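If you want the building blocks of each chain, they are given just below.
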Amino acid sequence: MNEQVSTPEPARMPAIWGKIPGRNKNFTGRELLLAQLRESITTSAAAAVVPLPQALQGLGGVGKTQLAIEYAWRYRGHYDLVWWVPSDQPMLVPGTLAALTEDLKLRPPSSVGIDEAAASVRDALQRGDPVDKWLLIFDNADDPEGIRDLIPEGGPGHVLITSRNSRWSGVAETVPVDVFTKGESVDFLRKRLQRNIEQEEAEHLANELGDLPLALEQAAALQVMTGMSTDEYIDQLSKQTRAVLGLGKSTEYPLSMTAAWQLSVQEIESRLPEAAEVLRCLAFFGPDPIPRDIFRRANKTGTRRMGPILANPLMLSQALAELNRFALVKIEQEAGTVQVHRLVQALLRDSLDEEEREAIRHEVHQLLAGGAPTSPEDTTQWSAFSDLVPHLRPVGIATSTHAAVRDFAINIVRYLYRAASYNSAQGFAEEFLATWSQRSGPKDHSVLRIRRQLGNVLWQIGRYDESRRLNEETLELMREELGPEHPETLGVALTYGANLRAQGKFREAFQQDTASLAAYETVFGATDPATLRVINNLALDHALLSEYETARKLQQLAFLELSSTRAGVSKWDVQMYWNGLARVVRACGDHAQACDFGEEAYAHGCRELQVEHQLTLMTARDLSIARRRIGDVTGALELIEETHARLVKLFGSQHPETMAAMVALSNTLRQTGRYDEAMGLARTVLPRYQEVFGLQHPFTYGCQINLALLYRLRGDIRRAAELDRQARDGLHAVLGDKHRYSFASSVNLASDLAALGDVDEARELGTRTYTQVREFFGDTHPLTLSAAVNLTIDLRSSGETAEADALYEATLERYASFPKEHPERLHATTGERFNWDFDPLTL
């Protein structure tokens with residue numbers, strides 16, 4: 001036997017002790033199982049072999065969970081972290097793991113999303129940093145495939161799993177858990193009955209109950225509460241068993257458990273009918289802990305069965321206490337929760353006819369709707385929302401047709417979206433949409449609203465085409481059913497503008513958002529936060545159309561109005577507007593000012609949203625570009641390398657924000673002269689833009705311009721000219737010739753032509769492009785001046801020296817307004833060409 005098994009338990013509690021159920025004071029026996037489990041879980045580690053997870057496998061009611069609880073309490077002194085993970089619904093496991101981020105000094109779910117936070121917790125535990133003595137307990141994990149990726153592989157800690165599923169044997173050391181031995185049954189009954197029951201009497205009762213721990217607990221509790229003798233109980237049990245058999249129901253539950261449970265319920269019914277009513281209600285929740293606050297807050301729902309009980313808080317307290325005394329529920333006072341064993345829940349539900357089940361299920365739906373928080377955008381309410389998510393599927397919330405219940409369901413999806421738990425948000429939204437559409441039809445108001453939420457989720461995860469198609473249909477339906485100025489219709493219209501931007505239809509997006517602004521001003525007023533969001537989007541539309549000065553005015557208006565507004569403003573809005581203004585100032589050519597303002601925006605994001613929040617990382621990318629523009633290439637490279645690495649880790653390489661950071665990193669590497677590394681990134685990112693945005697999207701052509709520039713710098717001039725010509729023709733087709741991206745392709749193509757020796761065509765293209773750029777941006781814009789410098793080189797090559805000198809002198813005079821150390825002013829004096837590159841805007 002491993003020496004650690006017999007080591008006395010240290011008195012200390014782990015520094016991190018989370019969600020562990022209270023210790024069962026009546027826990028009896030199982031010493032061999034505990035010893036076997038402890039030896040199995042530690043021996044491989046002592047032998048320097050990666051320890052396998054340990055799986056307690058057995059039928060319902062045999063005490064797997066109680067064994068895991070006892071293990072956690074008995075050996076808690078050997079760990080610095082012990083964490084309980086309810087696992088019967090795999091989609092909720094990430095949320096429980098993500099709650100460890102604060103203790104492990106990791107980025108919280110509010111900044112990186114639940115799924116990424118959970119992954120970071122898993123990775124930290126695998127590394128043993130900052131905690132190497134840890135224990136994770138995955139309770140009721142009946143779907144190995146659903147949670148396997150979230151279980152730490154190896155590492156210095158231990159994993160314990162309880163499950164009815166034998167499939168764990170392929171990935172874990174399985175410890176079978178059976179019913180009590182006869183001796184354990186007798187010991188348990190003596191301890192639980194609080195009297196010295198005779199051996200023969202105890203064995204008789206244990207035999208009748210099949211030594212099933214849960215059934216023995218029910219029987220003992222009933223005898224303690226009623227004073228019933230063992231013989232009387234066995235007589236009643238025999239009658240009840242015959243009644244159960246007479247029903248002719250096939251059941252997966254042990255017959256002894258069914259009969260024992262029914263005796264307890266009958267006694268409760270006779271002593272306090274209200275307690276039985278509460279128990280039936282609890283049977284329709286999930287097996288996870290139920291927040292008691294839900295009943296306190298739902299006291300005015302007026303439901304037929306539970307309404308009178310909830311209206312009398314003393315009666316509710318008495319009912320729960322009585323159920324607890326009969327071992328039918330488990331109350332955790334510190335956590336403020338009540339919990340019912342899944343086996344008891346199933347037996348209760350099965351005892352009711354279909355009409356009763358539907359009536360109680362409907363009441364539970366109303367309780368959830370009446371007692372739930374109401375503001376998914378309020379981060380202080382996220383914990384309360386999170387506690388309710390495990391109960392949505394068990395209560396069948398999707399089946400309700402009640403308006404308030406569907407409002408609650410939609411709020412859950414909105415909370416998951418805000419918390420960046422996109423997989424769960426998508427899963428629930430799709431389930432609600434399918435069920436509600438079938439039950440209420442495609443034009444039902446709740447159906448239309450959940451379509452809007454699903455469209456938002458699809459947009460956020462980069463599934464742009466699906467989001468656009470869904471929002472397009474939803475917008476048409478909402479205009480028909482709700483009217484064009486209904487708030488829900490206006491919300492979808494705003495998202496649809498983003499869908500158009502993702503398609504590269506910048507002009508159509510501008511038109512869509514212009515119409516939305518008029519409607520928002522009519523419905524909400526000119527300075528309402530909802531209207532400011534439209535102005536922010538409209539500023540982005542103007543920027544995408546290269547109308548930077550107009551974009552700047554709108555962005556500044558939105559930022560100032562938001563800053564003076566106290567209600568309805570989130571940190572997300574502040575961050576978006578702040579960075580949006582810094583970005584458009586950069587586009588206007590005021591690079592130093594953009595850098596200063598961007599530094600403030602980035603500091604705000606790090607302070608208020610955390611450094612790994614998606615909006616903070618977007619701000620970091622834009623700030624790196626501003627640093628690059630003012631010549632701080634070292635600072636730009638340091639920031640964009642860090643930002644790109646974080647985005648890859650958090651969102652993967654195919655996420656639009658990660659792709660944009662890769663573009664910025666490639667451009668920065670090119671500017672430092674690291675052409676090969678820059679080329680590798682440019683070649684990698686172009687196909688990703690083609691896949692995510694499409695072959696003819698302006699951003700795709702922009703990435704092609706960057707790639708062409710690198711080909712020229714590395715000596716493959718013909719390939720560069722070919723790519724630039726393709727990009728120019730494509731951009732002219734989708735944006736016209738008067739756009740910054742179109743200008744960039746022409747400026748760089750002229751440089752390609754000059755390098756190929758086609759002096760006349762280079763000069764002709766350069767002259768035409770310079771004229772267009774000057775007319776579009778004005779005489780002093782940095783883009784205009786760079787085009788002028790390039791043209792002077794082409795004019796000299798064509799022998800037009802006087803014209804070249806005149807243009808060059810005029811250009812240097814305009815650069816005189818720039819600071820002396822400005823990198824573009826300095827570059828203009830070298831006689832070398834300017835190269836234009838592309839960085840995408842966040843849509």
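Residues numbered from 1 in each chain as written. Predicted model: local features only at pLDDT ≥ 70, side-chain atom pairs only at ≥ 80, totals over all residues. Heavy atoms only, no water.

Participant: Run through the sheet that holds strand β7 (residues 290-291), naming residues and quoting values.
Facilitator: In spatial order, the strands read β7-β9-β8; together these 3 strands make up an open sheet with antiparallel pairing. Since the sheet does not close on itself, it has two edges, and those belong to β7 and β8 (330-332), each with one partner. Sheet topology note: the β7/strand β9 (residues 337-339) ladder contains 2 bridges and is antiparallel. Bridged to Pro 291 within β9 is Thr 337. (Pairing = 2+ DSSP bridges. Helix = DSSP H or I, 4+ residues; strand = E, 2+ residues; numbered from the N terminus.)

Participant: Could you give an account of unusual backbone geometry, naming the residues involved and the relevant values?
Facilitator: Going from Asp 129 to Pro 130, the amide bond is cis rather than trans, its omega being 10°. In this fold, Pro 130 is placed in the loop between α5 (114-127) and β4 (134-139). Its identity is not glycine, yet Gln 194 carries a phi of approximately 60°, on the positive side. Among the secondary structure elements, Gln 194 is positioned in the loop between α7 (182-193) and α8 (199-208). Positive phi, close to 60°, is recorded for Asp 211, a residue that is not glycine. In this fold, Asp 211 is placed in the loop between α8 and α9 (213-226).

Participant: Run through the nonpolar core, naming residues and quoting values.
Facilitator: Tyr 233, Phe 295 and Phe 432 are the most contacted members of the largest nonpolar core, which has 211 residues in total. Of the residues forming this core, the biggest block, 9 residues, is contributed by helix α25 (residues 529-544). Ignoring sequence-local partners within four residues, the contact set of Phe 295 consists of Cys 281, Leu 282, Phe 285, Ile 290, Met 306, Leu 310, Leu 316, Val 338 and Leu 367. In this structure, Val 85, Leu 97, Ala 124 and Trp 168 belong to the second largest nonpolar core, which totals 25 residues. (Core = buried A, V, L, I, M, F, W, Y, C linked by side-chain atoms within 4.5 Å. Buried < 20%, exposed > 50% of the residue type's maximum accessible area, 1.4 Å probe, protein only. Contact = heavy atoms within 4.5 Å.)

Participant: Before we move on, could you go through helix α28 (residues 591-608) and cite the residues and values that matter?
Facilitator: For α28, built from 18 residues, the straight-helix expectation of 26 Å at 1.5 Å per residue is met to within 8% by its first-to-last C-alpha distance of 25 Å. For α28, the elements touching its buried residues are α26 (548-563), α27 (571-587), α29 (614-629), α30 (633-651), α37 (782-797) and α39 (823-828). Backbone geometry just after α28 places Gln 610 at a positive phi near 80°. (Expected span 1.5 Å × (residues − 1).)

Participant: Just give me the short version of the packing of aromatic side chains, but keep the residues and values in it.
Facilitator: Each aromatic ring pair is described using two quantities: the centre-to-centre distance and the angle formed by the ring planes. The final tally for this structure, using the stated rule, is 27 aromatic pairs. With centroids separated by 5.8 Å and ring planes inclined at 45°, the aromatic side chains of Phe 180 and Phe 188 adopt a geometry described as tilted. In this pair, the class of Phe 180 matches that of Phe 188, namely buried. Between the aromatic rings of Phe 743 and Phe 776, the centroid separation amounts to 5.8 Å while the plane-to-plane angle is 75°, which identifies the pairing as edge-to-face. Linking Phe 743 in helix α35 (residues 740-755) with Phe 776 in helix α36 (residues 759-777), this pair joins segments that are 33 residues apart in sequence. Of the aromatic side chains, those joined through ring pairs into one cluster are Trp 459, Tyr 464, Phe 506, Tyr 689, Phe 693, Phe 699, Tyr 741 and Phe 838. When the ring centre of Phe 428 is taken as origin, the NZ or CZ atom of Arg 393, which lies over that ring, is 4.4 Å away. The positively charged end of Arg 796 is found above the aromatic ring belonging to Tyr 808, 5.4 Å away from the centroid. (Phe/Tyr/Trp six-rings, centres within 6.5 Å; stacked < 30°, edge-to-face > 60°. Lys NZ or Arg CZ within 6 Å of the ring centre and 35° of its normal.)

Participant: Please set out the pattern of salt bridges residue by residue, giving values where relevant.
Facilitator: Going through the model one piece at a time under the given rule, you end up with 59 salt bridges. A salt bridge links Arg 507 to Glu 547; its shortest N-O distance comes to 3.7 Å. Remark: Glu 547 occurs in the loop between α25 and α26 and Arg 507 occurs in helix α24 (residues 506-523); sequence separation between them is 40 residues. Overall, the relative accessible area of 39% leaves Arg 507 in the partly exposed class. (Salt bridge = Lys/Arg side-chain N within 4 Å of Asp/Glu carboxyl O.)

Participant: Quick rundown of the packing of α25 against α27? Include the residues and the values.
Facilitator: Look at α25 against α27: their axes get within 11 Å of each other, and the N-to-C directions meet at 30°. Relative to α27, the element α25 lies roughly parallel. Crossing angle aside, the handedness with which α25 passes α27 is left-handed. Together, Pro 529, Leu 532, Arg 533, Asn 536 and Leu 540 of α25 and Asp 573, Met 576, Tyr 577 and Arg 583 of α27 make up the contact between the two elements. (Axes fitted to C-alpha atoms, helices over the stretch in contact; angles between N-to-C directions. Parallel < 35°, antiparallel > 145°, perpendicular 65-115°, else oblique. Left-handed = near helix turned anticlockwise from the far one by under 90°.)

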